[in-house]
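# Structural characterization, general
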Amino acid sequence: MSKLGDVASINPKLVERPSSEELVSFVSMSAVDAVTGTIKNGKDRPFGEVSKGYTFFAHEDVLVAKITPCFENGKIAQARLAHSMGVGSTEFHVIRPKGSQLDARYLLHFLRRPAVRVAGERRMTGSAGQRRVPESFLASLPIPTPPLPDQRRVAEVLDRADELRVKRREALAHLDNLTQSIFLDMFGDLRHGTPGHEFKPFAEVVREFRYGTSKKSAETGYPALRIPNVIGSTLNLTDLKTVPATQAEFDRLRLVDGDLLFVRTNGNPDFVGRCAAFYQALVKDTGFPTDQFLYASYLIRARVDERRVLPTFIQQFMSGSAGRASLRDRCKTSAGQYNLNTAGLGSVQVPLPPLRQQQEFVDRISQVRTLRGTHEASLAEMDALFASLQDRAFRGLL
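Attention in this report is confined to the structure presented alongside it. Residue positions within a chain follow its written sequence, with the count starting from 1. At least 70 in pLDDT is required for a residue's local features to be given in this predicted model, at least 80 for side-chain atom pairs to be given and counted, and no such filter applies to totals for whole chains, interfaces and linings, which use all residues. Side-chain metrics rest on all non-hydrogen atoms present in the structure, leaving aside hydrogens and water.

Once that is clear, we can look at the nonpolar core. Each nonpolar core is a collection of buried residues, namely Ala, Val, Leu, Ile, Met, Phe, Trp, Tyr and Cys, held together in the definition by side-chain atoms within 4.5 Å. Summary of the burial criterion: residues with accessible area below 20% of their type's maximum are buried, those above 50% are exposed, and those between are partly exposed, where the area comes from a 1.4 Å probe applied to protein chains only. F202, L260, F262, M318 and V350 are the most contacted members of the largest nonpolar core, which totals 36 residues. Sorting the residues of this core by element identifies α5 (148-187), β19 (260-263), β21 (275-277), β23 (299-304), α7 (311-319), α8 (321-329) and α10 (355-393) as the ones contributing at least two each. A contact between two residues is defined here by any heavy atoms of the two lying within 4.5 Å. What F202 contacts, discounting residues up to four positions off in sequence, is F209, L260, F262, A302, V304, I314, M318, L345, G346, V348 and V350. By size, the runner-up hydrophobic cluster in this structure holds 30 residues, among which are I76, M124, L141 and F386. The helix and strand labels rest on DSSP assignments: H or I over at least four residues marks a helix, E over at least two residues marks a strand, and numbering proceeds from the N terminus.

The following block contains the structure:
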């Protein structure tokens, strides 16, 4: 067992300064994929354009987001770059393994374990919304350091297991694209003013808008959906929290079939307005009573008039390019946060095709969702297996 600071350099200094014209790989925080631990959409930039006010790192260094909530969300990745040098957000810690003692892929898998994230969150310093993981936490972090060949073998096993999870997620993404393709095939690109379609402000077909509970999670209470649960146009139920509620609060905030949940605030504008429809059938395997789900204050519940519009149709429209553009246009910024209120949400112009046509769409994508459920169950099994492999690997049992 070693301290990470003894087997790696943390936030190393720039050794050799490139020329102003030399291309480097620019990596923003949004380019780090928290799910896969990879960097996507890095951009080539002349060093002269990004030589001040950024963090420098090298090809194959490990990047760790230091600020909340990026650290807790798992924005930890290896910098596999198109160039020898990278430049990125000042909210990255940079870890450069000492090649004779620590393998970079082994380190990446070690840092991406939930236990490390929990420990790092406890050591964060700073004020609310600006809390950061200190460098000292990483430097003092104990890490098993078997011989390098054993580290590489562990990393290879975990890489291969992770590749299977990546392929399953890709299959799920293809199904999401299929759903959008069905929508476009049936309705076209529905933008306000599209000939042959009636549009109305969303508020005119909503029976009620309501914000959720602001109470903090507790060990007992009702299951409450939060921002992390509204992902990819559906509900992600891998991390459910419970909150206390009075009977009056429960009656006011209880979710029923067809309720639409919208993310109303986030530091990333692409996350604001994310929408998912709640149905009890979606939460039947959570271990909680399906008729007792609430939702948190950073979500807006929209309960539509199903005599005019079907929730699944609206959810798909809001998740498509036209709906997303309308939602983003209505976001307001404050202190680095993007916000959407009920007035802005209600002003979105939504299409109202005949209910018969909406129902046909719902029937067609129900088959896709059945297939998606099979893939999601398989991915959950893979995630559990991967977590077990991680645990065994860093206890020397792999």
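That shown, we press on.
Any aromatic ring pair is given by two values, namely how distant the centres are and how the planes are angled relative to each other. Geometry of aromatic contacts follows a simple scheme: Phe, Tyr and Trp rings, the Trp one being its six-membered ring, pair when their centres are within 6.5 Å, and the pair is stacked under 30 degrees between planes, edge-to-face over 60, tilted otherwise. By the definition in use, this model includes 14 aromatic pairs. Taking the centre distance of 6.0 Å and the plane angle of 65° together, the rings of F202 and F262 count as edge-to-face. Taken as a pair, F202 in the loop between β13 (199-201) and β14 (206-211) and F262 in strand β19 lie far apart in primary sequence, 60 residues in all. On the basis of relative accessible area, F262 is assigned to the buried category, the value being 0%. Their ring planes at 25° and their centres at 4.6 Å tell us that Y222 and F250 sit as a pair that is stacked. Linking Y222 in strand β15 (residues 222-225) with F250 in helix α6 (residues 247-253), this pair joins segments that are 28 residues apart in sequence. Residue class for F250 comes out buried when judged on its relative accessible area of 10%. Ring-pair connections join several aromatic residues into one group, and the members of that group are F183, F187, F313 and F361. The cationic tip of R45 hangs over the ring face of F26; the distance from NZ or CZ to the ring centre is 5.0 Å. Whether a charge lies above a ring is judged from NZ of Lys or CZ of Arg, which has to be within 6 Å of the ring centre and within 35 degrees of the ring normal. Directly above the ring of F271 sits R274, whose terminal nitrogen or CZ lies 4.3 Å from the centroid.

Salt bridge, as applied in this entry: a Lys or Arg side-chain nitrogen positioned within 4 Å of an Asp or Glu carboxyl oxygen. A complete count under the given rule lists 19 salt bridges for this structure. A salt bridge links E156 to R160; the shortest N-O distance between them is 2.7 Å. With E156 and R160 both in helix α5, this residue pair falls four residues apart, about one helical turn. Looking at R160, the relative accessible area reads 54%, which means it is exposed. With a shortest N-O distance of 2.8 Å, D259 and R303 are connected by a salt bridge.

Right, let's get into unusual backbone geometry. For the peptide bond that leads from T68 to P69, omega is -5°, which places it in the cis range. Positionally, P69 belongs in the loop between β8 (62-65) and β9 (76-78). Although it is not a glycine, N11 adopts a positive phi angle of roughly 55°. N11 sits in the partly exposed class, given a relative accessible area of 23%. For E60, which is not a glycine, the phi torsion comes out positive at approximately 80°.

To continue, consider the environment of A104. Relative to the elements of secondary structure, A104 occurs in helix α2 (residues 104-111). Residue classification places A104 among the buried residues on the basis of a relative accessible area of 15%. As for A104 and D270, which are separated by 166 residues in sequence, their C-alpha atoms are 31 Å apart. Those residues in contact with A104 that sit more than four places away from it in its chain are E60, V62, Q78 and P97.

To continue, consider the sheet that holds β8. For two strands to be treated as a pair, DSSP must find at least two bridges joining them. The sheet built from four strands is open, its strands ordered β2-β11-β8-β9 with antiparallel pairing. Two strands bound the open sheet, and with one partner strand each, they are β2 (8-10) and β9. Taking the axes of each pair of neighbouring strands and ignoring which way they run, one obtains an average angle of 20° across the sheet. Here three bridges tie β2 to strand β11 (residues 92-97), and the two strands are oriented antiparallel to one another. Across the sheet, residue A8 finds its bridge partner in β11, namely P97. Angles run from 0 to 180 degrees between N-to-C directions of axes, and those axes are lines fitted to C-alpha atoms, restricted for helices to the stretch in contact.

Any functional reading would require information beyond the geometric quantities listed.
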